[in-house]
Amino acid sequence: MAGESKQDAKRADPEATSPECDGEDICEIHDIPIPPDGGWGWVIVMSSFLCNLIVDGIAYTFGVFLPKFVIYFNEGKGTVAWVGSLLAGVYLSCGPIVGALTNKFGCRTTCIMGSVIGMAAFALSTLSNSVAMLMVTYGIVGGIGFGLIYLPAIVSVGYYFEKKRALATGIAVCGSGFGTFVFAPLAAMLLEHYDWKGANLILAGIIFNCAVFGSLMRPLEAPKKKCKPLLQRMAEDKAAQLERGSLMGSQYFTVQLPDGSYEKRLKVPVNVDPGVHSSFDLDELSGAHAATRMPTISEAKGDPSNGDAAQSQEKKEDKQMKNSQLKDNLEDDTKESDKLLEDGKAAAALRGSRTSVSNGEASNVKRRSAGACGSKDDVSSLSASKKDLARPLARKDVFYTGSVTNLPEYQSQKSLGSYRQSIVSIPKAVQSGKAGKKSGGGCCRCIPESARKEISGLMDFSLMKDPVFLFLGVSNVFGMLGFYVPFVYIIDAATTKGIDEETAAFLLSIIGITNTVGRLISGYISDFPAVDSLFVTNVCIAVSGVAVFCVPFCYDYVGFCIASGCFGLFSSAFIALTSIVLVDLLGIAQLTNAFGLLCLLRGVAAIVGPPLAGSVFDMTQSYDVPFWLAGIFLFISSAISFMVPLVRRWVKRKEDAELAKSAGEMKQLKSSEGSPRAVQT
């Protein structure tokens, strides 16, 4: 199996067999695992599909158990609803913690651990003698177990696919709707033949099957590529830069001849010797330039005693003209370099924390720094270890469910390998010396570095200062307040209208199957570059709000089926297009942080929503107001989300104004510094 995955990786990335990698040392820049885009990846898709089927199928069908819990514990529906809302909310809220565990231990170990915890939680829930104990076992512990299953199932698909990721992720997430379709009648059948305790024991056994599916999520390995030794690559890179003139602005230098004229000569590599520890021949490094020598000090300064007074005037004028052109070229290169440097500093100052440097540029800086200082410690401090590069969440696009070919980061690269390097998150260099020893990780030193880094990445609350994300987060909070209400209460609402319980349970199946269709349609539509994913999401949220708002006006089974089908069909985009909307608004560099914070906000709202609706039912003894309230929440979510493009344009205009102001100040400062120099001249 391992051999097959390596062959798939080679077919997926032709750069894996590049002829330039024929040395003896492993090249660090090629230590990034190559997604096979097929092969064993389809087994990962199947396991992710089944994990989503079980987790969301059980979480969404809590409404089938709600009447049984109310009767058994003799509590109000608002109180009992906390059990199901905790199950759904905790498994969303614990996303950052699960992300850290996944990054440390891998998808396979995390998923198996979650299946064991989930199985134990549902088995222990049968011993509950109060709603409070059921909240802890079924809700909190079960939610943690489901979270440990859900996130690795999503990450593993993105880890194995790039070009076919949209198709693979679409198939995997369809398990959520299909699970609702399957588990709603299954739960009703179990409750009919057993009590809720027997049904939970059977569900515990089903949850434990996720350990088998998780064991299929084997990690990707970095390709075993051979490259030239590091010191040799540093020397060759510096020599190539000198030839192109990238270090000193031009590939020529000026020499004053004895007659006072200037001559332009080609530069040659200087100090290409990487150090005394090198094991290769220096003559091979200099190559064709070995025979060329640098000018001596006397030649560079010019010696009048060696002049030739008999040189013709025509040759002098020709050399003087060349000298003038050379000076102009040098001045133009200097001005252009200064301008680029100033513009880069201004842009970096304005963008602040949202500025990201591509890995390709970072590798150039790394090579130049290594070539300039020649320190082995500096080179090792700037390089990422193979283990860090192979971690599941090292890729910035691992949560992205769309096609990577639509990303600007992909289109701007020359090859898939270049894109892969640009979206890998390089860990920060470990600080050495006394400062590093003093800090020691603070109070979190017991947490592994990879887990600590991932938690800080997923829980960076500085993103809340961004107005675009703030509006989007508030919109999602209101959306999740109403999202879970139909899943929990639509069966009970139908039974109050005289519909049989077994027949009413099929309403959840209708929501599930239409949700599956909606995920496929919304994913297919959003894959077109001309389609605005945010607009599609906003429209779908508004229509789903209308469907929920109309539930109290349904008086027969057909009306409930129509309302359930519309809600399942249009609410799918709210979940399926999350990562695509985040990338469109914030960029791929902010996806991991934004996704973690959004899951946290959604989890908190999901915990509060169903109990709030249940409390309203306990006060009014009618489901009209709870469903109206849920529909209004979805309306508010859609209205706030429609304002996001306006906020985004306002932020862009503000940044452009600050950039123009900064550029004007720089020009004014430059002119003021240059005026005294002109007076002295």
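You'll find the structure just up there.
The rules we used
Residues numbered from 1 in each chain as written. Predicted model: local features only at pLDDT ≥ 70, side-chain atom pairs only at ≥ 80, totals over all residues. Heavy atoms only, no water. Helix = DSSP H or I, 4+ residues; strand = E, 2+ residues; numbered from the N terminus. Contact = heavy atoms within 4.5 Å. Patch = residues over 30% accessible without salt bridge, like charges linked within 9 Å, V, L, I, M, F, W, Y side chains within 5 Å. Areas by Shrake-Rupley, 256 points an atom, 1.4 Å probe, with all protein chains shown as cover. Salt bridge = Lys/Arg side-chain N within 4 Å of Asp/Glu carboxyl O. Lys, Arg positive; Asp, Glu negative; His and termini not counted. Charge placed at Lys NZ, Arg CZ, Asp CG, Glu CD. Buried < 20%, exposed > 50% of the residue type's maximum accessible area, 1.4 Å probe, protein only. Axes fitted to C-alpha atoms, helices over the stretch in contact; angles between N-to-C directions. Left-handed = near helix turned anticlockwise from the far one by under 90°. Nonpolar A, V, L, I, M, F, W, Y, C, P; charged D, E, K, R; others polar.

### Considerations on the side chain of threonine 516
Thinking step 1. Its location among the elements puts threonine 516 in helix α24 (residues 501-526).
Thinking step 2. When near neighbours in sequence (up to four residues on either side) are disregarded, threonine 516 contacts Cys174, Gly177 and Phe178.

### Focus on a negative patch on the surface
Thinking step 1. Where like charges cluster on the molecular surface, the negative patch consists of Glu192, Asp500, Glu501 and Glu502.
Thinking step 2. Overall, the relative accessible area of 47% leaves glutamate 502 in the partly exposed class.

### Here we look at the packing of helix α22 (residues 467-483) against helix α26 (residues 557-576)
Thinking step 1. As a packed pair, α22 and α26 sit with axes 12 Å apart at the nearest point and diverge in direction by 145°. In this structure, α22 crosses over α26, and the sense of that crossing is left-handed. For the pair α22 and α26, the contacting residues are Asn476, Gly479, Met480 and Phe483 in the first and Phe567, Ser571, Phe574 and Ile575 in the second.
Thinking step 2. Among the residues making up the contact of α22 with α26, the classes are represented as five nonpolar, three polar and no charged.

### Some details on helix α5 (residues 95-105)
Thinking step 1. Looking at α5, one finds that the buried residues are Gly95, Pro96, Val98, Gly99, Ala100, Thr102 and Asn103.
Thinking step 2. A positive phi of about 95° marks glycine 106, the residue just after α5.

### Some words on the pattern of salt bridges
Thinking step 1. Per the counting criterion, the structure on display carries two salt bridges.
Thinking step 2. For aspartate 492, the salt bridge is made with lysine 77, and the minimal N-O distance between the two is 2.0 Å. Placement of aspartate 492 in helix α23 (residues 485-496) and of lysine 77 in helix α4 (residues 77-93) is noted, with a sequence separation of 415 residues between them. Here the two residues aspartate 492 and lysine 77 agree in accessibility, since each one is buried.
Thinking step 3. A salt bridge links aspartate 656 to lysine 652, with the shortest nitrogen-to-oxygen separation between them at 3.4 Å. Taken together, the residues aspartate 656 and lysine 652, both in helix α30 (residues 644-680) and four residues apart, mark about one turn of the helix.
Thinking step 4. With a relative accessible area of 39%, aspartate 656 lands in the partly exposed category.

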